[in-house]
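Here are the chains, one letter per residue:
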Amino acid sequence: MKIRAVFLIIVLLSGCTSRQLTVPEKKDTLDFLLDLTEKIQSDTTLHQSGAADRYSAIFDSLRDNDFTLAHKYDIETLLNKINNTFVLDTVLTGLAEKEQNNLLSVSLNETRFRLLIPVQERLDLLYNNEETVDEPKQPENSNAKETTKTDKFETHGKWVFKENVSWMLVLIRENDKFSRLKTDCLYRVMNILHQLENPAQKIRAWRAIGRMIDLIDLQKSTSGYGPFQRSAHGLYTDKGVVINTLLARRDGETNKDVLAIADQVIQHVEKQLSAKKDMEFWTKVYESREMKNIARQQRKGIQIDSNSRVYDSDSLNALYWFEKGYKTQDPRQKIYFYSKAIALDPEMTEAYNNRGNVYQNTGNDTNALKDYDKAVSIDPYYAPVYLNRANNYQNRGDYDKAIQDFHSAVMFAPDNAQAWFYRGQCYKNMEQYSKAIQDFDKVQQMGSSPEYLQKAIYYSAICYLKMNELEPALSDFYRVLEFDPENVSVYIQCGDIHRKMKEYHKALNNYDAVLQIDSLNALAYNNRGLCYQKQGEFDLAVKSLEKAVNIQPEYVSAYYNLGSVYWQQRKWKQVVAAWEKCLKIDPEYTLAKKWLTKAKERTKKRYITIEVEVPE
C-alpha cells in the first residue's frame, strides 16, 4: 500500500514542477514539510483547478507514515524548522477557500496536529534534561573536561544560556504556543463539519477528528495549566469544551453513517474523560522549585539572563501593567497600562480583550474590533473575547457576524449566563423571536444573578408580544413585577395587553398602579382614557386625556384620541380644535388629516342621524 501511495504522489506532482516530491517511508517529517513549503513557493500550478486535491492527497499519504524527527535538533534548529513550515497554513488555507475544498483544510490541519506532537515531545525531553543534542566524541585518553548534563544545555545552536532558567522559559513559551496551535488545528476541523454536505466527506472529517483524539490524553487538557502547559498529549483548552463541541456538531448530523462515526468518536472521548487524573503530572507541577524560584526572583526585579537573545525578563512584568490597567478607573490610564502590558507580552490575550472593552466603552468601536480580532488570533478559545466582539458587531448592526461570535461564546463557556442572554438579545434584534425566547429561558434555568434573570424574563415577554402571544407575554411581565414592583413601563405593558384582550377593568388597575408611582405619567393617563372610551365612559375618558395633554403639551396622539372621544359625544367644535392642535404639532399625522375635513362639515349643519363610523 505504501508503494502505491508513493507512486500516486509522484504521478500527481510530476506535472507541477521539474522537482518531484514524494512521501518516503522513512523521512524526517519536518524536512519533508520544509521541502513541500519550498515546492509550494515555486509551484506555478496553484491557480489551476485541482491543485487543492493534489495537496490533499499528499497529506493523506503522509498520514499513513510515522511522524518522526530524525535528528536530535538543538533548540534553535528545531524551532526554526517548525516555524518555517507555517507558510503552508497561509498558502494552503487560501487555496482551500479559493477552490472551496474543505477536505484540504481537514488534511492540512490533521498533518499540522500530528507534527506538533513529536515536536512537543522533543521540547518536553529537553525541558526535563532527558535528551540533548549530539556531541562530538572526545578522543580516548583525552584530558578534556567531562561534559555534564547541565553543561550540555549551555549552547543550542547560536543561543547561549547562562542559567537553566533561560532555556526552561524558552521551552515553556514555545510549548505553550504549540499547544495552542495544535488545539486550533483540532477545532478547525470540528468547525469545518457544518460546511460539508456530502456524507462521505463528513465521515472523512469525523475520522480525522478521531485520529487526532487518539493521539492525545484529554485528562491532560486544560487551559488552567498556565506555564506548565507543555504536554504533547494534551490540548490548550478545557476538556469539557471538547466534548460540548463534539456533541454540538453531532446534533447537526442526520445521515446514519455519519452519526455512527460521530458516536464512535464521542464514546472514545467520554471513555478518556472517565479515567483518573494523571497525578504524576500534577505532582511534577506542584513540586517545581524552578518556577517558584523564577517567580520569587521576578518579584525582586532581578533580570535572570541579561545576555540571552531569546529570554527577556521584562515579559513577565506584563502582568504588573495588566493589573494596574484592571484596577484604575480612568479610561485613558487603562489604555496606557494595557498597551504597556501588550508591548511587553504581545501574546497576552486578556490585555487585548480588556483594552478592546475600554475602547468600546468610550465609543471607539474600530479600535475595539482590532483588539478583539487580535485576541481571537492569539487564543481562539477565549470565550470572553467572542462575547465582547459579538456585542461590537451587534452595535454596528452586523447581526450575522454577531450571532456567529455568540455561538462561539456559548460553546466555549456554556455556563456563562451573559453569553446566552446577549445571544438572545441578538436573535431578538434579528426578529428571530422563538430562538431568542429559548436563550432567555436558558438564562432562567441556569439560576443566574437577579439582574440577568429579570432582564431575561422581561425580554422574553417582549418577544412573546412581538409574536402576538399575549398570555405568555403577560405572564412574564407579571413575573418581572415580582422583582421590581415599581417598574412603571411594565405596568403599562400589562395594561396595554389587557386592553387588547378587552379586559378593561384589569387594564385600568395597571394604569392606576402607574399613577400611584408616578402621578405625572402622561402615557398612563392617555391609555387610561382609551380604556374609558372603550367602556363608553366618555366624560372620564375626556378628563384623563386632558390630563395627559396638560402634563405633556406636545403629546400629539393624546390630542387625536381626545378628538376621537369628542366625536363620539358629537361635540364637533371640540373635535376640530383637538385635531387642529394635533396637526399643528405634527402636520403629517395621517388620521387627523383624514377625519378633520368631515368634522368641520359637521360643524356647519345639524345632524339628527346616528353616526355609524367612528374614527379610531
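Every chain begins its residue count from 1, and numbering advances along the sequence as written. Under the rules for a predicted model, residues below a pLDDT of 70 receive no local features and side-chain atom pairs below 80 are neither given nor counted, while totals for whole chains, interfaces and linings still include all residues. Side-chain numbers come from the whole structure's heavy atoms, not from hydrogens or water.

A word on the overall build of the protein chain
Logical step 1: Put simply, DSSP marks the helices as runs of H or I at least four residues long and the strands as runs of E at least two long, and each gets a number from the N terminus on. Regarding its fold elements, the protein chain presents 30 helices and two strands.
Logical step 2: Summary of the burial criterion: residues with accessible area below 20% of their type's maximum are buried, those above 50% are exposed, and those between are partly exposed, where the area comes from a 1.4 Å probe applied to protein chains only. Taking all 616 residues of the protein chain together, 50% fall into the buried category.
Logical step 3: Taking as baseline every contact in the protein chain between residues at least 6 positions apart, the subset at least 24 positions apart corresponds to 60%. Contacts are residue-level and defined by heavy atoms, with any inter-residue pair within 4.5 Å sufficient.

Overview of the packing of aromatic side chains
Logical step 1: Classification of ring pairs rests on two measures: the distance between centres of Phe, Tyr or Trp rings, Trp counted by its six-membered ring, which must be within 6.5 Å, and the angle between planes, read as stacked under 30 degrees, edge-to-face over 60 and tilted in between. Taken as a whole and assessed by the stated rule, the structure comprises 20 aromatic pairs.
Logical step 2: A ring pair is formed by Phe322 and Tyr338, whose centres lie 5.5 Å apart and whose planes are at 50°; its orientation type is tilted. A residue pair is termed long-range when its members are at least 10 positions apart, and Phe322 in helix α14 (residues 318-327) and Tyr338 in helix α15 (residues 331-344) qualify at 16 residues.
Logical step 3: A residue is classified by how much of its surface remains accessible, and Tyr338, at 2% relative accessible area, is buried.
Logical step 4: Taking the centre distance of 5.4 Å and the plane angle of 70° together, the rings of Phe421 and Tyr452 count as edge-to-face. Taken together, the residues Phe421 in helix α20 (residues 417-429) and Tyr452 in helix α22 (residues 450-466) connect sequence positions 31 residues apart.
Logical step 5: Here Tyr452 falls in the buried class, since its relative accessible area comes to 11%.
Logical step 6: In this arrangement the basic side chain of Lys442 is found over the ring face of Trp420, its NZ or CZ atom lying 5.2 Å from the centre. Distance and angle both matter: a charge sits over a ring if NZ of Lys or CZ of Arg is within 6 Å of the ring centre and within 35 degrees of the ring normal.

Re the packing of helix α2 (residues 29-41) against helix α4 (residues 75-84)
Logical step 1: Here, axes are lines fitted to C-alpha atoms. For helices the fit covers the stretch in contact, and angles between N-to-C directions go from 0 to 180 degrees. Contact geometry of α2 with α4 gives a least axis separation of 9 Å together with a crossing angle of 40°. Taken together, the axis directions place α2 and α4 in an arrangement best described as oblique. Two packed elements cross with a definite hand, and for α2 against α4 that hand is left-handed. Contacts from Leu30, Asp31, Leu34 and Thr37 of α2 reach α4 at Leu78, Lys81, Ile82 and Asn84.
Logical step 2: Residues are grouped as follows: Ala, Val, Leu, Ile, Met, Phe, Trp, Tyr, Cys and Pro are nonpolar; Asp, Glu, Lys and Arg are charged; every other residue, Gly included, is polar. Across the contact of α2 with α4, the residue classes break down as four nonpolar, two polar and two charged. For classification, angles of less than 35 degrees are called roughly parallel, those exceeding 145 degrees roughly antiparallel, those between 65 and 115 degrees roughly perpendicular, and all remaining angles oblique. By convention, the crossing between two helices is left-handed when the near helix turns anticlockwise from the far helix through less than a right angle, and right-handed when the turn is clockwise.

Digging into unusual backbone geometry
Logical step 1: Positive phi is not limited to glycine here, since Asn468 has a value of about 60°.
Logical step 2: Residue placement: Asn468 occurs in the loop between α22 and α23 (470-483).
Logical step 3: Residue Asn468 is classed as exposed on the basis of its relative accessible area, which comes to 55%.
Logical step 4: One non-glycine residue, Arg570, lies in positive phi territory at about 65°.
Logical step 5: Relative to the elements of secondary structure, Arg570 occurs in the loop between α28 (556-568) and α29 (572-585).

As for the nonpolar core
Logical step 1: In terms of nonpolar packing, the biggest core is built from 137 residues, with Phe113, Leu186, Trp206, Ile209, Leu246, Phe412 and Trp579 touching the most fellow members.
Logical step 2: When residues no more than four places from it in sequence are discounted, the contact partners of Ile209 are Leu186, Val189, Met190, Leu193, Leu246 and Val265.
Logical step 3: Grouped together as the second largest cluster of nonpolar side chains are 31 residues, Leu30, Tyr55, Phe67 and Phe178 included. Buried Ala, Val, Leu, Ile, Met, Phe, Trp, Tyr and Cys residues form a nonpolar core when they are joined through side-chain atoms within 4.5 Å.

Overview of the environment of Arg249
Logical step 1: When you line up the elements, Arg249 lands in helix α10 (residues 239-251).
Logical step 2: Given a relative accessible area of 17%, Arg249 falls into the buried group.
Logical step 3: Note: C-alpha distance between Arg249 and Met190 (59 residues apart in sequence) is 7.3 Å.
Logical step 4: For Arg249, the contacting residues outside a window of four places in its chain are Met190, Asn191, Leu193, Trp206 and Met411.

Quick look at the environment of Tyr433
Logical step 1: Structurally, Tyr433 can be placed in helix α21 (residues 433-445).
Logical step 2: Separated by 34 residues in sequence, Tyr433 and Met467 place their C-alpha atoms 7.3 Å apart.
Logical step 3: Setting aside chain neighbours within four positions, we find Tyr433 in contact with Lys428, Cys463, Lys466 and Met467.

Structural notes on the pattern of salt bridges
Should the charged atoms of two oppositely charged side chains come close, the side chains can pair.
Logical step 1: When a carboxyl oxygen of Asp or Glu lies within 4 Å of a side-chain nitrogen of Lys or Arg, that pair is called a salt bridge. This model, assessed by the stated rule, comprises 16 salt bridges.
Logical step 2: Asp379 serves as the salt-bridge partner of Arg180, at 3.3 Å between the closest nitrogen and oxygen. Of the two residues, Arg180 is situated in helix α8 (residues 164-192) and Asp379 in the loop between α17 (365-378) and α18 (383-396); the sequence distance between them amounts to 199 residues. When sorted by exposure, Arg180 lands in the same class as Asp379, which is buried.
Logical step 3: Asp405 is the partner of Arg389 in a salt bridge, and the nearest nitrogen-oxygen pair spans 2.6 Å. On the criterion of sequence distance, the pair formed by Arg389 in helix α18 and Asp405 in helix α19 (residues 399-412) is long-range, its members being 16 residues apart.
Logical step 4: Given a relative accessible area of 12%, Arg389 falls into the buried group.

Points about helix α25 (residues 504-517)
Logical step 1: Between its terminal C-alpha atoms α25 stretches 20 Å, which fits the 20 Å expected from 14 residues at 1.5 Å a residue.
Logical step 2: For α25, the set of buried residues is Tyr504, Ala507, Leu508, Asn510, Tyr511, Ala513, Val514 and Leu515.
Logical step 3: The inward-facing, buried residues of α25 abut α23, α24 (488-500) and α26 (522-534). An expected span of 1.5 Å times one less than the residue number is assigned to each helix.

Some thoughts on the packing of α20 against α21
Logical step 1: Following both chains from N to C, one finds α20 and α21 inclined at 160°, their axes separated by 8 Å at the closest point. Compared by their axis directions, α20 and α21 come out roughly antiparallel. Crossing of α20 against α21: the hand is left-handed. Every residue of α21 that contacts α20 at Ala417, Trp420, Phe421, Arg423, Gly424, Gln425, Tyr427 and Lys428 is listed here: Tyr433, Lys435, Ala436, Asp439, Phe440, Lys442 and Val443.

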